[in-house]
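# Examination of the molecular architecture
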Amino acid sequence: MKNLGFQLFSGVPCSFLKNLINYAINECEYVAAANEGDAVAIASGAYVGGKKSVVLMQNSGLTNAVSPLTSLTYPFRIPLLGFVSLRGEPGIPDEPQHELMGRITTGLLDLMQVEWQYLSNDLEEAKRQLVQADAHIANNRSFFFVVRKGTFEEEVLRKQQSSIAASCGYTKSLYIHNLEELEAALSDWKQTKGLTFLYMKISKNAKGQLGRPHMKPYEVKERLQRFLKQGFIGQ
């Protein structure tokens, strides 16, 4: 993608795209978006400003991008390269909230008249696909790749994404060992005024107590009336 001139990436995290996001942060310019529609808007603005742009999203949030993909990029011919994960792929076990979207992801892209392909996990074939996608983008139409689980090789995050956190008063980094420490950290965060950032790492020993660590913070934070429920991520 760098060789083809793509410079800016914007998106919303997904475990299927984690390694691509890490690469974008390490090697390119990555802008984390609040939701998938914002990612499309950010990438569109970058394209208008002269940068070939890429959007990254989980298919559970693809519906958030429907409006800008149909009312912004389509009529104004703003071509974006997109990667959307295929959570809930039929026949592959996944969380229940991904089941329906897993069945309709490609159909939704068809309805929006977005050209797409399944991204190959063979590097040489993927390179050929990217050249095809770039030719399509040269005609001012977006092109999306649908990404299955395990497509990307591991990419370790080597540098932290630039953040506005340092200028916002409250920035804290904690290492969480158990549920009590997590609740105390979130309680402290809740009482802080203004825009806040809380970075947390969960120790391996704590996983047995916390269950699935990426779900437990949502459950705790919901009791503090701040986090949304599992399945509503990005909504």
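Our subject is the structure that appears above.
Overview of the structure. (Residues numbered from 1 in each chain as written. Predicted model: local features only at pLDDT ≥ 70, side-chain atom pairs only at ≥ 80, totals over all residues. Heavy atoms only, no water.)

This part takes up the nonpolar core. Among the nonpolar cores identified, the biggest contains 23 residues, and Leu56, Leu81, Phe83 and Phe145 are the most heavily contacted of them. Those elements that place two or more of their residues in this core are β1 (6-11), α1 (18-27), β3 (52-58), β4 (81-85), α5 (123-137) and β6 (143-147). Apart from the residues lying within four places of it in its own chain, the contact partners of Leu56 are Phe9, Ser10, Gly11, Val12, Leu17, Leu20, Ile21, Tyr30 and Phe83. In this structure, Met57, Ile78, Val84 and Leu86 belong to the second largest nonpolar core, which totals 18 residues. (Core = buried A, V, L, I, M, F, W, Y, C linked by side-chain atoms within 4.5 Å. Buried < 20%, exposed > 50% of the residue type's maximum accessible area, 1.4 Å probe, protein only. Helix = DSSP H or I, 4+ residues; strand = E, 2+ residues; numbered from the N terminus. Contact = heavy atoms within 4.5 Å.)

So, on to the side chain of Ser10. Within the element layout of this structure, Ser10 appears in strand β1. At a separation of 2.9 Å, a polar atom in the side chain of Ser10 contacts the main-chain carbonyl oxygen of Val31. Beyond its immediate sequence surroundings of up to four residues, Ser10 is in contact with Tyr30, Val31, Ala33, Ala39, Ile42, Val54, Val55 and Leu56. (Polar contact = N/O pair within 3.5 Å; in protein donor to acceptor, adjacent residues only side chain to side chain.)

Okay, unusual backbone geometry next. What is expected of a backbone is that most residues other than glycine have negative phi and most peptide bonds are trans. Within the chain, Arg77 stands out as a residue other than glycine whose phi angle is a positive 50°. Among the structural elements, Arg77 can be located in the loop between α3 (66-73) and β4. The phi dihedral of Gln113 falls on the positive side, at around 60°, and the residue is not glycine. Inspection of the secondary structure puts Gln113 in the loop between α4 (99-111) and β5 (115-118).

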